[in-house]
Amino acid sequence: MSEAVLKSASPNQPWTLPSRGIVGMTCLIIAEIAIFVIFVVAYIFYIGKSLSGPMPKDVLELPIFTTICLLSSSLTVHAAVSALRKGKQLLCSLWLAATVFLGGIFIAGTAHEWYDLIYKHGLTIRTNLFGTTFYSLVGLHATHVVIGLILLSLALLFSMRGEMKEEHSEKLEVLSLYWHFVDGVWVIVFLVVYVLGR
Amino acid sequence: MATQIPVNELHDQGAQAPRRLWLEMLHGWVTTVDHKKIGLMYIGYALIFLVVGGFEALLMRVQLAIPNNHFVSPEVFNGLFTMHGTTMVFFVGMPILFGFGNYLIPLMIGARDMAFPRLNAFSFWISAFAGFLLYFSYIGGSGLYGAGSAPDVGWFAYAPLTARVFSPGHSTDYWTLALLLTGIGSIGTALNIVTTIICMRCPGMKMSRLPLLPWIYLVMSGLTFVAIGPLTAAQIMLMLDRYVGSHFFDTQAGGSAVLWMHFFWIFGHPEVYILVLPAFAFANEIIPVFSRKAIFGYPAMVAASVGIGFISLSVWAHHMFTVGLGPGGNTFFVLATMIISVPTGIKIFNWLATLWGGKIQLTASMMFAIGFLFQFLVAGLTGIMLSVAPFDWQLGNSYFVVAHFHYVLVGAILFMVFSAFYYWYPKMTGRMLNEKLGKWHFWLFVIGFHLTFDLMHVPGMLGMPRRIYTYEADRGWMIWNLLISSGAIIQTVATILFVYNMVSSYFKGPIAGSDPWDAWTLEWSIPSPPPSYNFAEIPIVGSRRPLWDLKHPDDPDTDYEMGQADPQEKQEEGA
Amino acid sequence: MFASQGSCGFTAIILSALVADPTNIFEPAGTPARSIFSLSMLVLSITAAIFLIVAGILAYVLVKYRSRASNGEGEQEPPQIYGSNQIELSWTVIPILIVVMLFLATTRVVYTTERAQRPANALDVTVIGHQFWWEYRYPELGVVTANELHVPVSDHPQTLPTYLTMSSADTDHSFWVPRLAGKMDLIPNKVNTMWIDPQMKGLYLGQCAQYCGVQHAKMLIRVYADSPEEFAAWVEHQRQPAVDDPGVAEGRNVFMHNACISCHTIRGTVATGRFGPDLTHVGGRETIASGSVPNNPANLREFIDNPANFKPGALMPPMHLDTHDLDAVTAYLTTLK
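Residues numbered from 1 in each chain as written. Chains lettered and ligands numbered in written order. Predicted model: local features only at pLDDT ≥ 70, side-chain atom pairs only at ≥ 80, totals over all residues.

1. A word on the overall build of chain A
And then number 1: Broken down by element type, chain A carries six helices and zero strands.
And then number 2: Listing each helix as α and each strand as β along chain A from the N terminus yields α-α-α-α-α-α.
And then number 3: In summary, chain A has a C-alpha radius of gyration of 22 Å against a globular reference of 16 Å for 198 residues, an excess of more than 25%.
And then number 4: The principal-axis extent of the C-alpha atoms belonging to chain A is close to 75 × 45 × 25 Å.
And then number 5: Looking at chain A residue by residue over its 198 residues, the buried ones come to 37%.
And then number 6: For chain A, contacts bridging at least 24 residues in sequence account for 84% of all contacts bridging at least 6. (Helix = DSSP H or I, 4+ residues; strand = E, 2+ residues; numbered from the N terminus. Rg over C-alpha atoms; globule rule 2.2 N^0.38 Å. Buried ≥ 20, exposed ≤ 12 C-beta atoms within 10 Å, placed from the backbone. Contact = placed C-beta atoms within 7 Å.)

2. Examining the overall build of chain C
And then number 1: A tally of helices and strands in chain C yields eight helices and twelve strands.
And then number 2: What you see for chain C is a C-alpha radius of gyration of 28 Å, clearly larger than the 20 Å of a compact globule of 337 residues, by over 25%.
And then number 3: If you line up chain C on its principal axes, its C-alpha atoms span 95 × 55 × 40 Å.
And then number 4: Out of the 337 residues in chain C, the part that is buried amounts to 42%.
And then number 5: Long-range contacts, defined as pairs at least 24 residues apart, comprise 65% of the intrachain contacts of chain C with a sequence gap of at least 6.

3. Re the arrangement of the chains
And then number 1: For the two pairs of chains in contact, the largest share of contacts goes to chains B and C.
And then number 2: The smallest C-alpha distance separating chain A from chain C is 12 Å, and no contact links them.

4. Topic: the interface of chain B and chain C
And then number 1: Listed per partner, the contact involves 90 residues of chain B and 83 residues of chain C.
And then number 2: Looking at the side of chain B that touches chain C, the elements with two or more residues in it are helix 3 (74-109), helix 7 (257-291), helix 8 (298-311), helix 9 (326-339), helix 10 (341-355), helix 11 (364-387), helix 12 (389-395) and helix 16 (478-508) of chain B.
And then number 3: Among the residues making up the side of chain B that touches chain C, the classes are represented as 53 nonpolar, 24 polar and 13 charged. (Nonpolar A, V, L, I, M, F, W, Y, C, P; charged D, E, K, R; others polar.)

5. Remarks on the sheet that holds strand 7 (residues 184-186) of chain C
All names here are of chain C.
And then number 1: Taken in spatial order, the five strands of this open sheet run 4-10-9-6-7, and their pairing is mixed. Every other strand in the sheet has two partners, leaving strand 4 (148-152) and strand 7 as the edge strands with one partner each. Direction aside, the axes of adjacent strands within the sheet are offset by 30 degrees on average.
And then number 2: Pairing analysis gives six bridges linking strand 9 (residues 202-208) to strand 10 (residues 220-226), with the strands arranged antiparallel. Residue pairing for strand 10: Gly 202 is matched across the bridge by Ala 225.
And then number 3: Helix 4 (residues 228-239) rests against strand 4 and strand 10 of the sheet, and its axis sits at about 130 degrees to strand 4. (Pairing = 2+ DSSP bridges. Axes fitted to C-alpha atoms, helices over the stretch in contact; angles between N-to-C directions.)

6. With respect to the sheet that holds strand 2 (residues 133-138) of chain C
Residue and element names in this part refer to chain C.
And then number 1: As summarised here, the arrangement of the five strands in space is 3-2-1-5-8, forming an open sheet in which the pairing is mixed. Single-partner strands in this sheet number two, and they are strand 3 (143-146) and strand 8 (192-196). The mean angle between the axes of side-by-side strands here comes to 25 degrees, regardless of whether they run parallel or antiparallel.
And then number 2: Pairing of strand 5 (residues 162-168) with strand 8 involves five bridges; the strand directions are antiparallel. Bridge pairing links Met 166 to Asn 192 in strand 8.

7. Side note on the interface of chain A and chain B
And then number 1: Taken together, the 37 residues of chain A in the interface contact 45 residues of chain B.
And then number 2: A per-element tally of the side of chain A that touches chain B places helix 1 (residues 20-45) of chain A first, with 13 residues.
And then number 3: Each residue belonging to the side of chain A that touches chain B can be placed in one class, and the counts come to 23 nonpolar, nine polar and five charged.

8. Notes on the pairing of strand 2 of chain C
All names here are of chain C.
And then number 1: Here five bridges tie strand 1 (residues 123-130) to strand 2, and the two strands are oriented antiparallel to one another. Residue pairing across strands places Val 127 opposite Tyr 136, the latter belonging to strand 2.
And then number 2: Connecting the antiparallel pair strand 1 and strand 2 is a turn made up of two residues.
And then number 3: Examined bridge by bridge, strand 2 and strand 3 share four bridges and lie antiparallel to one another. Paired with Tyr 136 across the bridge in strand 3 is Thr 145.
And then number 4: Counting the residues in the hairpin turn of strand 2 and strand 3 gives four residues, including Gly 142, whose phi is positive at 70 degrees.

9. So, unusual backbone geometry
And then number 1: Backbone torsion omega between Ala159(B) and Pro160(B) reads -5 degrees, so that peptide bond is classified as cis.
And then number 2: Residue Pro529(B) is reached from Ser528(B) by a cis peptide bond, and omega for that bond is -10 degrees.
And then number 3: With respect to the element layout, Pro529(B) can be found in the loop between helix 16 and helix 17 (546-551).
And then number 4: For Asn189(C), which is not a glycine, the phi torsion comes out positive at approximately 65 degrees.
And then number 5: Tracing the backbone through its elements, the reader meets Asn189(C) in the loop between strand 7 and strand 8.
And then number 6: Looking at Asn189(C), the number of C-beta atoms within 10 Å reads 17, which means it is partly exposed.

10. Considering the nonpolar core
And then number 1: Of all hydrophobic cores here, the largest spans 316 residues; its most connected members are Ile216(B) and Met416(B).
And then number 2: A per-element tally of this core places helix 13 (residues 399-429) of chain B first, with 23 residues.
And then number 3: Domain assignment of the residues forming this core places at least three in each of domain 1 (25-60 + 82-116) and domain 2 (123-226) of chain C.
And then number 4: Leave out the neighbours within four places in its chain, and Ile216(B) touches Leu277(B), Pro278(B), Phe280(B), Ala281(B), Asn284(B) and Ser305(B). (Core = buried A, V, L, I, M, F, W, Y, C linked by C-beta atoms within 7 Å. Domains from an automatic or database assignment.)

11. Some details on the domain arrangement of chain C
Residue and element names in this part refer to chain C.
And then number 1: Once the domains are mapped, chain C shows domain 1 (25-60 + 82-116), domain 2 (123-226) and domain 3 (246-335).
And then number 2: Taken together, the ten residues of domain 1 in the interface contact twelve residues of domain 2.
And then number 3: Here the side of domain 1 that touches domain 2 is built from residues that sort into seven nonpolar, two polar and one charged.

12. Brief notes about the packing of helix 7 of chain B against helix 11 of chain B
Two packed helices can be described by the angle between their axes and the distance between those axes.
Residue and element names in this part refer to chain B.
And then number 1: Running from N to C, helix 7 and helix 11 point in directions that differ by 125 degrees, and their axes come no closer than 10 Å. Considering the angle they form, helix 7 stands oblique to helix 11. Handedness of the helix 7/helix 11 crossing: left-handed. Residues Ala 279, Ala 283, Ile 286, Ile 287 and Phe 290 of helix 7 form the contact with helix 11, whose own contacting residues are Ser 365, Met 366, Ala 369 and Phe 372.
And then number 2: When its residues are assigned to classes, the contact of helix 7 with helix 11 shows eight nonpolar, one polar and no charged. (Parallel < 35°, antiparallel > 145°, perpendicular 65-115°, else oblique. Left-handed = near helix turned anticlockwise from the far one by under 90°.)

13. A closer look at helix 4 (residues 89-119) of chain A
And then number 1: With 31 residues, helix 4 of chain A ought to run about 45 Å at 1.5 Å a step, and its terminal C-alpha atoms sit 45 Å apart, in line with that.
And then number 2: Where helix 4 of chain A is buried, its residues touch helix 2 (56-59), helix 3 (64-85) and helix 5 (129-160) of chain A. (Expected span 1.5 Å × (residues − 1).)

14. Some words on helix 3 (residues 85-114) of chain C
And then number 1: Between its first and last C-alpha atoms helix 3 of chain C spans 43 Å; for 30 residues at 1.5 Å apiece the expected length is 44 Å, and the two agree.
And then number 2: Along helix 3 of chain C, the residues classified as buried are Trp91(C), Pro95(C), Val99(C), Leu102(C), Thr106(C), Val109(C), Val110(C), Thr113(C) and Glu114(C).
And then number 3: Against the buried residues of helix 3 of chain C lie helix 9, helix 10 and helix 12 of chain B together with helix 2 (31-64) of chain C.

15. What to know about the environment of His141(A)
All names here are of chain A.
And then number 1: Position of His 141 among the secondary structure elements: in helix 5.
And then number 2: Taking the number of C-beta atoms within 10 Å as the measure of exposure, His 141 has 22 and is therefore buried.
And then number 3: Along the backbone, His 141 and Val 189 are 48 residues apart, and their C-alpha atoms lie at a distance of 8.4 Å.
And then number 4: Those residues in contact with His 141 that lie beyond four places of it in its chain are Val 185, Trp 186 and Val 189.

16. Observations regarding the packing of helix 1 of chain A against helix 5 (residues 171-199) of chain B
And then number 1: In contact at an axis separation of 9 Å, helix 1 of chain A and helix 5 of chain B are set at 140 degrees when each is read in the N-to-C sense. Taken together, helix 1 of chain A and helix 5 of chain B sit at an angle that is classed as oblique. In this structure, helix 1 of chain A crosses over helix 5 of chain B, and the sense of that crossing is right-handed. Of the residues in helix 5 of chain B, those in contact with Arg20(A), Val23(A), Gly24(A), Cys27(A), Leu28(A) and Ala31(A) of helix 1 of chain A are Ile187(B), Leu191(B), Val194(B), Thr195(B), Ile198(B) and Cys199(B).
And then number 2: Along the lines of polarity and charge, the residues of the contact of helix 1 of chain A with helix 5 of chain B split into nine nonpolar, two polar and one charged.

17. Details of the environment of Lys347(B)
Residue and element names in this part refer to chain B.
And then number 1: Residue position: Lys 347 is located in helix 10.
And then number 2: Assessed through the 21 C-beta atoms surrounding it within 10 Å, Lys 347 is described here as buried.
And then number 3: A C-alpha to C-alpha distance of 8.3 Å links Lys 347 and Ser 305, two positions 42 residues apart in sequence.

18. Topic: the environment of Val153(C)
Residue and element names in this part refer to chain C.
And then number 1: With respect to the helices, strands and loops of the structure, Val 153 is situated in the loop between strand 4 and strand 5.
And then number 2: On the basis of neighbour counts, which here come to 21 C-beta atoms within 10 Å, the residue Val 153 falls in the buried class.
And then number 3: For Val 153 and Asp 325, which are 172 residues apart along the polypeptide, the C-alpha to C-alpha distance reads 41 Å.

This is the structure:
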């Protein structure tokens, strides 16, 4: 009895379950959102509470161009996944390259912004509460962008070597989910830091 | 019923030289990605730390047995309560519960392994490393005698005590880094659990047929994602404050000490639900089997567990009633905390209803489960007392709170873990634990537990705060502390019996067979211990208790699925 | 270790069980503690009732439905009952009603305590928590003292509460005198307020209730509820500058020429340090070391020699005075009544 195969009425419909990669990545995204929420809450809590030093409205400029680049990269990575699903490997490589390029512009823009903040305005993480919360929140996001760029570059490499095929489209989709998350976080960071906080 | 099943396949390989065998075994364990082996490693690791954490508790109880004692210095004592709390929560509670989950979930859903076996192994090893990192703090810094750099800031490490100026040296950093690492491990395992349950159920196992253990682990894992994040974020902020000069919790620069409290308890309160939910999961499997009845109110149990999970995210500031939130803030958290008692109560009542009308078998496992039920009731009631904010203004941060949470952690969770051991040890090893020793373990532990933790409520009501390395003789606390300390010794003896039972039964216990308890979920349909592939053929299920249906074809569960018309009593005509 | 304290320990046990407990939350002596006491009686009765009912059912079930067969084989399974909508509804609704009632009772006490009407004659004291002592300042009266808080007793008919405005100079602390009120935390960069109104003359004990570092355990609180005359006299005395007894001039010189003055204040002298307790009238206090040892010359001497003798980890360093200077400065401080 204990080893008998358990069978009752066979199910009429095929037994389909969600994809492991998508579910796993969704869980990771939820956990990461929890981390970001705390940094955003700290940022909002400390708005206007710095005892000294440069204030946001004195030193921050709206990063419109880099934001457009980053948000467009969501579209390009989506296009890459669609292309791979249809087996168009070359097109996929092109869209992936565009994604990496746009993400690279974003990082370069952030680096430029920070250079100015540090050397022209004297704002560092230890200057005041604004510096503390700004660099930690934007920096945490930038770290996630960098990680995403590394992974996307790897995918680009595989794609250019012809090793990424149609059957891998779901894995690429999982990666693109992460990238969409990173872009989504930027929307929030942009609104909180550059719109609300100034 | 018991069949001859080889307990340990390696016993057959007598021809090989012993030393090579030992190395191969070790290599097998270190490189394994099998959920069962990983689960066992989590459990073994947790038991080691249980002994260590218990030893720390014993040292504290000796120090507190009499007023103005000089058994340990204040520095050592402060390190002890910090390490005891941190160890028990992160290196006993989490691993042992993740260990059981790892072992049981694939078996219960008819899968061959977890969704991401390598992530599983990685999560275990990073948590294991974190534990050793935390304890390395005793050696780092000024070495063993001066208790080294063991963290001494309390397990919730309030700011600004953790700032460089008040905690120089690296003790706080060991705390922070160890927990950051184990947090990563926890998220990895939780991710694995959720993905496994959603994506790897055997055919026919709709969510409404999922056994309650995986259901509750699903809720617990969801909570893990949402709760560990805030702790990780707060700890990153703390490290930045300590090393890069940021001002998150730097009150001199306008930072807020209360902000740390909010962030920590946004993690800390869901964390204790993460710890208690698996205890509920075990109870949901064990109590029905030893009452010989299906769990009463499966849909309500699912809804209550999910509800507890959600509500637990909104109650955190009941740890902060004395911080000055203002009457509006205090009132909100009073309400949220009281509300959570409703689904919790529902679960207790459902367990009682499961027992009602059953045929209760008082095995060692069931005795611990009954102990859990009684003690969880008491713990819940003292929790309701503490949710009354003005009462908490007196009792908060006193030994009443210490008594309350030990009642939950030891009286409810640890009791249920013991129950789970007695229940699933046969499945994991192929041998039964000794029932007589089990009952000795139970009674000794119950006596010691109640001596310690019932009485511990009293010093709290008499004004004794927590985290004090000694106390004045004129407060009237001495007799209580003396009795509390003696209870700790009795619990130690009981635990030694338990460890002895586990070791000796492994070699000499009666063979268990695949289904020693006549139970109903899928893990009892395969050999004990299970082969590495779990199921020879992936099963197809048609109800919540597939084995019950097989054993009782005249009264199968399939007649009573969720969504059916009112479930009714059905008299059995005959066996 | 127990053996050496055997007989004294045993006597202490018996005595401690008989002597009234000075920090018992169920012996309120002030309005906040009393209202908490009444609320707690309500809460305890409700939880006791729930406990008796549920534990009673559990006990009943264990007795009545215990399996009678000696082994489980061959026994009939009991009827499988999967649920009951009516029963489950009732044990959802009844707890909700209990919760609503408890919540309303609780909210009332929260608001009446935290939003109490402040009478015009209330006394204001500023409390600043330090590692590991309490600073008390009476801003309207010009009094600064440490560790022993004097307040006027609040008898009927004249209620005379003392409002404590609290913050911390370093880490978190918590002010807890159980017989007078619930506790309230002292947090740096935050100001909290609470009030007490001891209704009987006497000494009320408490201690710090938020872990603040090594000597958290010895940060004791002593609140003296004085009659109006006693209180007025005490205030007047505290406002005077320090006693200047020429007989201890040598000790005074030791004090003024050592590092003492960088941490302590003695009003009327060059000592104006703020890091440690104000010592202007230290000779008149009943205890030293934050209430942990009686104030007598022997203890004072031992403390000054090395505070770690009583409070290992206290932030005052050992002063490394030779015997002669130590005796002299002890004698000086003893005269500062």
